[in-house]
Amino acid sequence: MKRTVLLLVAIVLAVFAVKGQGMTQEERAAIVKQFEDTKANLLKEVNGLSDAQMKFKPAPDRWSVADCLEHITVSEKGLFGMEQQAMAQPANPEKRKEIKVTDEVLTQMIADRSKKAKAPEQIQPKGSFSTTAEAIQAFTEQRDKIIDYVKNTNDDVRNHVADMPMGSPMDAYQILILVATHSNRHTQQIQEVKADAAFPQQ
């Protein structure tokens, strides 16, 4: 009996050695909250807007609310794809020493609207959604897919490090932070559009 118990313990330990430990409870709670809060904040800003309000641009070279929502949705799909691609590769914890930013600094940097950046061509808005409802549905379905993942995954997100297009490598957990914080950045942009003096009243 004792031998059987020891064998089972050994098997369990071997499985964890292969799969890694996944997120800590604190990490999981933090990232789930970040995704749920940023989802709620974005939907609060766009729900109930008319077509005129969605399409209003403060200037010809500025984005509309519809543009921001499309960009968020397309970007999240791409970034989450990067996270999943990182997880599909062998763990590379030795690469962690190349990570230049902490979770906290990453969150602050992406949310900081005082520093503007031009989005790459492939994720610039192109009027892909014909209606507000269609855009909101696309965002919600994509975000809910990510939330389901972060709530349930046992992926070892800290020991899979990926080279990112913007420079410094990030671990898979930080890519998830990037997804959530990026939407916060553009929710602030939506608030700026709505605060414009010429924003339609209805």
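Reference entry: report on the structure contained in this document. Owing to the predicted nature of the structure, the values given are computational and were not obtained by experimental measurement. Residue positions are counted from 1 within each chain, in the order its sequence is given. It should be noted that, the model being predicted, local features are given only for residues of pLDDT at least 70 and side-chain atom pairs only at 80 or more, the latter also being counted only at that level, while totals for whole chains, interfaces and linings use all residues. Note: side-chain values were computed over all heavy atoms of the structure, leaving out hydrogens and water.

So, on to the nonpolar core. Ile31, Phe35, Val150 and Leu176 are the most contacted members of the largest nonpolar core, which totals 27 residues. Every helix listed is a DSSP run of H or I at least four residues long, and every strand listed is a run of E at least two residues long, numbered separately from the N terminus. At the level of elements, helix H2 (25-46), helix H4 (65-88), helix H5 (103-111), helix H6 (132-152), strand S1 (161-164) and helix H7 (172-194) are the ones that each hand at least two residues to this core. Contact criterion: two residues are considered in contact whenever any of their non-hydrogen atoms come within 4.5 Å of each other. Contact partners of Leu176, with chain neighbours within four places excluded, come to Ile31, Phe35, Phe80, Glu83, Ile146, Tyr149 and Val150. Buried Ala, Val, Leu, Ile, Met, Phe, Trp, Tyr and Cys residues that are joined via side-chain atoms within 4.5 Å together make up what is termed a nonpolar core. Burial here depends on accessible area, computed with a 1.4 Å probe over protein chains only, as a share of the maximum for the residue type. Under 20% is buried, over 50% is exposed, and the range in between is partly exposed. Met54, Val65, Leu69 and Phe199 belong to the second largest nonpolar core, which has 18 residues in total.

The subject of this paragraph is the packing of aromatic side chains. Put simply, two rings from Phe, Tyr or Trp (the six-membered ring, in Trp's case) pair if the centres are within 6.5 Å, and we call them stacked under 30 degrees between planes, edge-to-face over 60, tilted for the rest. Applying the stated rule across the entire model yields two aromatic pairs. Consider the rings of Phe56 and Phe199, whose centres lie 5.7 Å apart with planes at 85 degrees: the pair is edge-to-face. Residue Phe56 is found in the loop between helix H3 (51-55) and H4, and its partner Phe199 is found in the segment after H7; the two are separated by 143 residues along the sequence. Ring plane angle 70 degrees and centroid distance 5.4 Å describe the contact between Phe80 and Tyr149, whose orientation is recorded as edge-to-face. Taken together, the positions of Phe80 in helix H4 and Tyr149 in helix H6 put the pair 69 residues apart, joining distant regions of the chain. Across the pair, exposure class does not vary: Phe80 and Tyr149 are buried alike.

A few words now on the environment of Ser75. Positionally, Ser75 belongs in helix H4. Residues Ser75 and His182, 107 residues apart in the sequence, show an inter-C-alpha distance of 8.6 Å. Excluding residues within four positions of it along the chain, Ser75 makes contact with Ile123 and His182.

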